Amino acid sequence: MVEGKRADLKVGGMMCAACTSAVEKALLNLDGVSRVQVNLGSESAAVEYDPRKLKLVDIEGVIRDLGYEVIDQQAILKIGGMACAMCVGAIEAALSNLDGVVEARVNLAAEKAYVTYNPSMVGLQEMKKAIIDSGYQFLGVAGEETEEAAKREQELREKDLSEKKQRIIIGFAASILLMAMMHLPLHQIIPPWIFTALPNPMNLIMLVVSLPVFAYVSYPIFKAALRALSNRTLDMDVMYGMGIGVAYVSSILGTFNIVLTPDFMFYETAVMLATFLTLGRYLEANAKGRTSEAIRNLVGLQPRKATILRGGRQIEVTAEEVMVDDLVLVRPGEKGSSRRPGGGGRKLRG
C-alpha cells in the first residue's frame, strides 16, 4: 500500500475567500487528491494526494491555470562526472523522481543542475544523495562558493586528472611492451616440450602481463558502464565497455582454445583501446577544469561595491544596491572597493 503524500504549497495572488474556495474546488476535482486546506492569511495550501496518480507538478499546474502563483525555491547544483547526454538524462530522472522536485534541468557543458523544488518536501541533502546514488559527484551549490569549497573542488579535479594520467602512462607502456613481445623468438628461448604440454606460451605470457594492466586501466570504464545499466540507460560507456570487454574475453578464449582459436589474440588491442578512451576523458576533464577556473577568475573581477552620487553626495553601496538612473562614479584603476586616491573619475548611468 502506497502512503499518501502531503504538499504544503506557498500560493500567491489570493485576495479573498472566493479565491481560496476556487483553489480548493479545483484541487479536489483532481483524481488522487484526498484533502485540501487553503489558508488565505498565510497564503498557503496543504494538499494530501496519492503519488501514484498525481505529481506535484500537476497540482501546481492546476493552481497556475487558475491565475495564481505557486512560490517554489530554486537551486543550482554543481555536478561532476558527467560525460554525455545519457548522464544528463540519468541525473534529471533521479532528481525528478524525488517527492517535492517540480522541475530538474541539467546543463552538461556547465556541469550544473537547475532544480525547482518545494522546500517543505525535499531538501538539498536528498538531492545530494540522489546524485551520488546515481554515480556522479555532488560539488556543492552554485552561488555559495567559499574558499574551502573551491579548494575542495580543485583538489577533486586534480586527483581525477592525476589518476587518469597514471592510467594513461601505464596503459601505453604495457601496450608497447605487448606489441614488442609478439616479435620475440620464443621458440628459440623456451624448450620445445613446453610448447606441446601447454597452450601457446606467448599467449599465456601476454595474458599474465596484460591482465593487471587491463583491469587497472579499464576499471573506470566498466564502473561507468555498470552505473549506466543500473540507471537503465545505454550510454557510450556501455558501448566502450562492451567493445574492450569482448576484445579481451575473446583473447582469453582463444588462448585456451575454448570456442575460438589462438588466432583471436587482442590483448594489446584491448589495453590500447582502454588507454585511448582514458586519454580522451583526460583531455575532456582538463578542458572543463580550465574553463571553470577561467569563469571563477572572471567572476572574481566583478566589483563588489560602487560609489554613486545621490543628492550631491558620494555614497558607497554594494553592487546589488545600484538602481536604474543612479550616477556611478568610476575612478581610474578602480576595481571592487579599492581605488586610487585623488584620481579623477567618470560618471556613468546605472
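Residues numbered from 1 in each chain as written. Predicted model: local features only at pLDDT ≥ 70, side-chain atom pairs only at ≥ 80, totals over all residues. Heavy atoms only, no water.

1. Things to note about the confidence of the model for the chain
1) Next: Per-residue confidence for the chain gives a mean pLDDT of 82; residues scoring 70 or more make up 85%.
2) Next: For the stretch residues 336-350, pLDDT sits under 50, and the model shows 37 contacts to residues farther than four places along the chain or on other chains. (pLDDT = per-residue confidence, 0-100. Contact = heavy atoms within 4.5 Å.)

2. Section: the nonpolar core
1) Next: One finds L77, M82, L95, V115, M127 and Y136 to be the most contacted residues of the largest nonpolar core, which totals 25 residues.
2) Next: Among the secondary structure elements, those contributing two or more residues to this core are β5 (73-80), α3 (85-96), β6 (101-107), β7 (112-117), α4 (124-133) and β8 (137-141).
3) Next: Residue contributions to this core peak at six residues, all from α3.
4) Next: Each residue touching M127, except ones within four places of it in the same chain, is listed here: L77, L95, L98, V115, Y117 and V122. (Core = buried A, V, L, I, M, F, W, Y, C linked by side-chain atoms within 4.5 Å. Buried < 20%, exposed > 50% of the residue type's maximum accessible area, 1.4 Å probe, protein only. Helix = DSSP H or I, 4+ residues; strand = E, 2+ residues; numbered from the N terminus.)

3. What about unusual backbone geometry?
1) Next: Despite not being glycine, E43 shows a phi value in the positive range, around 50 degrees.
2) Next: Mapped onto the elements of the fold, E43 is located in the loop between β2 (33-39) and β3 (44-49).
3) Next: Here the phi dihedral of E111 falls at roughly 55 degrees; this positive angle occurs in a residue that is not glycine.
4) Next: Mapped onto the fold, E111 is located in the loop between β6 and β7.
5) Next: A residue is classified by how much of its surface remains accessible, and E111, at 7% relative accessible area, is buried.

4. Brief notes about the sheet that holds β3
1) Next: In space, the four strands of this open sheet follow the order β2-β3-β1-β4, with antiparallel pairing throughout. If you trace the sheet from one side to the other, it starts and ends with β2 and β4 (69-70), each paired once. (Pairing = 2+ DSSP bridges.)

5. Considering the side chain of T20
1) Next: Within the fold, T20 resides in helix α1 (residues 17-28).
2) Next: At 2.7 Å, the side chain of T20 and the backbone oxygen of A17 are in polar contact.
3) Next: Aside from chain neighbours lying at most four places away, what touches T20 is M14, V38 and L40. (Polar contact = N/O pair within 3.5 Å; in protein donor to acceptor, adjacent residues only side chain to side chain.)

6. Some words on the sheet that holds β5
1) Next: In space, the four strands of this open sheet follow the order β6-β7-β5-β8, with antiparallel pairing throughout. The sheet terminates laterally at β6 and β8, the two strands that pair on one side only. With strand direction ignored, the average angle separating the axes of adjacent strands in the sheet is 25 degrees.
2) Next: Pairing of β6 with β7, which is carried by six bridges, proceeds in the antiparallel orientation. Note on β7: the bridge partner recorded for R105 is Y114.
3) Next: In this fold α3 packs onto β5, β6 and β7, with an angle of close to 165 degrees to the strand it touches most, β6. (Axes fitted to C-alpha atoms, helices over the stretch in contact; angles between N-to-C directions.)

7. Examining the pairing of β8
1) Next: In terms of burial, β8 is largely enclosed, as four of its five residues are buried.
2) Next: Pairing of β5 with β8, which is carried by three bridges, proceeds in the antiparallel orientation. Residue pairing in the sheet places I79 in a bridge with F138 of β8.

8. Description of the packing of helix α8 (residues 201-230) against helix α9 (residues 236-255)
1) Next: α9 packs onto α8 with a crossing angle of 155 degrees between their chain directions and a minimal axis gap of 9 Å. Between α8 and α9, the angle falls in the class roughly antiparallel. For the pair α8 and α9, the sense of crossing is left-handed. (Parallel < 35°, antiparallel > 145°, perpendicular 65-115°, else oblique. Left-handed = near helix turned anticlockwise from the far one by under 90°.)

9. Section: the pairing of strand β10 (residues 313-318)
1) Next: Bridge count between strand β9 (residues 305-310) and β10: six bridges; the pairing is antiparallel. Within β10, the position partnered with R310 by the bridge is R313.

10. A short note on the pattern of salt bridges
1) Next: Evaluated as defined, the whole model comprises 14 salt bridges.
2) Next: Its salt-bridge partner being R6, residue E48 comes within 4.0 Å of it at the nearest N-O pair. One end of the pair, E48, is in strand β3; the other, R6, is in strand β1 (residues 5-12), with 42 residues separating them in the sequence.
3) Next: Between E103 and R105 there is a salt bridge whose closest N-O contact spans 3.6 Å.
4) Next: Three or more residues are tied together by salt bridges with common partners; here these are R6, D8, R35 and E48. (Salt bridge = Lys/Arg side-chain N within 4 Å of Asp/Glu carboxyl O.)

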